[in-house]
Amino acid sequence: MNRTADHTAAGDSPAPVLEARGLHRWLGEAEGRVHVLCGLDLKLYPEKSYAVVGPSGCGKSTLLYLLGLLDRPDEGAIFVDETNLSAGTDEARTRARSAYLGFVFQFHFLLPEFTAAENVMLPMRKLGRLGDSEMRDRAEALLRDVGLGDKTHRFANHLSGGEQQRVAIARSLANKPRLILADEPTGNLDMRNSTLVFDLLQQVAHDKGQAILIVTHNRELADQCDEILSMRDGRFVE
Ligand SMILES: Nc1ncnc2c1ncn2[C@@H]1O[C@H](COP(=O)(O)OP(=O)(O)OP(=O)(O)O)[C@@H](O)[C@H]1O
Ligand SMILES: [Mg+2]
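A brief structural summary. This is a predicted model, so every value here is computed, not measured.

The rules behind these values
Residues numbered from 1 in each chain as written. Chains lettered and ligands numbered in written order. Predicted model: local features only at pLDDT ≥ 70, side-chain atom pairs only at ≥ 80, totals over all residues. Helix = DSSP H or I, 4+ residues; strand = E, 2+ residues; numbered from the N terminus. Buried ≥ 20, exposed ≤ 12 C-beta atoms within 10 Å, placed from the backbone. Contact = placed C-beta atoms within 7 Å. Pairing = 2+ DSSP bridges. Axes fitted to C-alpha atoms, helices over the stretch in contact; angles between N-to-C directions. Near = placed C-beta within 6 Å. Nonpolar A, V, L, I, M, F, W, Y, C, P; charged D, E, K, R; others polar. Parallel < 35°, antiparallel > 145°, perpendicular 65-115°, else oblique. Left-handed = near helix turned anticlockwise from the far one by under 90°.

1. Here we look at the overall build of the chain
Part 1 of the argument: Secondary structure summary: the chain contains seven helices and 10 strands in total.
Part 2 of the argument: A total of 238 residues make up the chain; the buried ones form 42% of that total.
Part 3 of the argument: Across the chain, contacts joining residues at least 24 apart in sequence account for 71% of those joining residues at least 6 apart.

Right, dumping it as C-alpha cells:
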C-alpha cells in the first residue's frame, strides 16, 4: 500500500494536478504550539476522487487549507506544474487558486443577497477571463448540471440547505478547476442531499477529468472514492 497516493509506477499515468512534499505545519503559540501536520506527501491525479478521513483534530482541515493555498506550510512544498506555489508571492497564489482550485465547505458561504447565478459567476469575475454574457451562460449551464436550472434567478437565501450546497458545487466548478477541495461538503445535509451532493462531485471527477479531495466523517461516502487517505495525528496511516 502506497501512502503517498502515487501512481507513477503505472508508467503512462498523467501528471499530477497537484503534488505536496514533506508538509509540516505548527499552529498556536509558545507552550500551546502544536505540530499539526508532521511531514505529509501527496500526489493527486486527474479523474480521481480522494477521501481524507480521520478523527477530529488529526489535521484534515489544516491540510486542506495548505493544499488550497489558503495557508502556507512551515516546511515542505506544494507544486502545480512543477511550480512551487508554497513559496510563491501572495499574488501568484491567489491567481493559482482562482485558476486551478475549486472549494466546497461544510457551510456553503453563498452571498445571500445575490442570486444563484450571480453566486456562481463570482469566481469567474475574479478570474476575469469571460465577458458578462459568457459568464451568465456558463453559470446557468453549471446550475442545470446540479439540477437547479429552474432556480438560477432565485436569491441564495430563498433556497433550501441542499440547494444552497448544490449552488456551492456549481460555484466551485466555475473556472474549470483541476482540483476541487471539499471539507465535509455534506456535513449539514440530510442523507438524501448528502448522497446527491456526493454523487455530483464524483461524477465531475470522472466526467471532466478533475481531481477531487473530500474530507468526510461519513465512511460510506469515503468508501465510494477511488482512494482513501487515512490520517492520524498529522500523518497518513494505513
Ligand atoms: N490556531 C491554532 N492553535 C493551536 N492549535 C490549533 C489551531 N488551529 C487548529 N489547531 C489544532 O490543530 C489540530 C488539527 O486541526 P484541524 O482543524 O486540521 O482538525 P480536523 O482533522 O479538521 O478536525 P475536525 O474533524 O474536527 O474538523 C487540532 O488539534 C486543533 O486543535
Ligand atoms: Mg476539520
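2. Side note on the sheet that holds strand β9 (residues 227-232)
Part 1 of the argument: Strand order in this open sheet of six strands is β6-β7-β8-β3-β9-β10, and the pairing throughout is mixed. Strands at the two margins of the open sheet, each flanked by one partner only, are β6 (101-105) and β10 (235-237). Here the average twist between neighbouring strands, direction ignored, is 25°.
Part 2 of the argument: Two elements, strand β3 (residues 49-53) and strand β8 (residues 211-215), share four bridges in a ladder whose sense is parallel. Directly across from Tyr-50, in β8, lies its bridge partner Leu-213.
Part 3 of the argument: Strand contacts of helix α5 (residues 161-172): β6 and β7 (179-183), with the helix running at about 165° to β6, the strand carrying the most contacts.

3. Side note on the sheet that holds strand β1 (residues 18-27)
Part 1 of the argument: One open sheet holds the four strands; their spatial order is β2-β1-β4-β5, and the pairing between them is antiparallel. Whereas interior strands pair on both sides, the edge strands pair on one side only; in this sheet they are β2 (34-44) and β5 (83-84).
Part 2 of the argument: Direction of pairing for β1 relative to β2: antiparallel, over a ladder of eight bridges. Of the residues in β2, the one forming a bridge with His-24 is Cys-38.
Part 3 of the argument: On the sheet, helix α1 (residues 60-67) packs against β1, β2 and β4 (75-80) and is oriented at approximately 125° with respect to β1.

4. Considering the site of ligand 1
Part 1 of the argument: The environment of ligand 1 is formed by Leu-27, Gly-28, Gly-32, Val-34, Val-36, Ser-56, Gly-57, Cys-58, Gly-59, Lys-60, Ser-61 and Thr-62.
Part 2 of the argument: Residue assignment for the shell around ligand 1 shows that the elements contributing at least two residues are β2 and α1.
Part 3 of the argument: When residues of the shell around ligand 1 are assigned to their parent elements, the largest contribution, three residues, is made by α1.
Part 4 of the argument: For the shell around ligand 1, the class distribution of residues is four nonpolar, seven polar and one charged.

5. As for the packing of helix α3 (residues 116-127) against α5
Part 1 of the argument: Packing of α3 against α5 brings their axes to within 8 Å, and their N-to-C directions diverge by 30°. Our classification of the angle between α3 and α5 gives roughly parallel. Read as a crossing pair, α3 and α5 show a hand that is right-handed. Taking contact as the criterion, the partners of Ala-116, Asn-119, Val-120, Leu-122 and Pro-123 in α3 are, on α5, Val-167, Ala-170 and Arg-171.
Part 2 of the argument: Of the residues contributing to the contact of α3 with α5, the split by class is six nonpolar, one polar and one charged.

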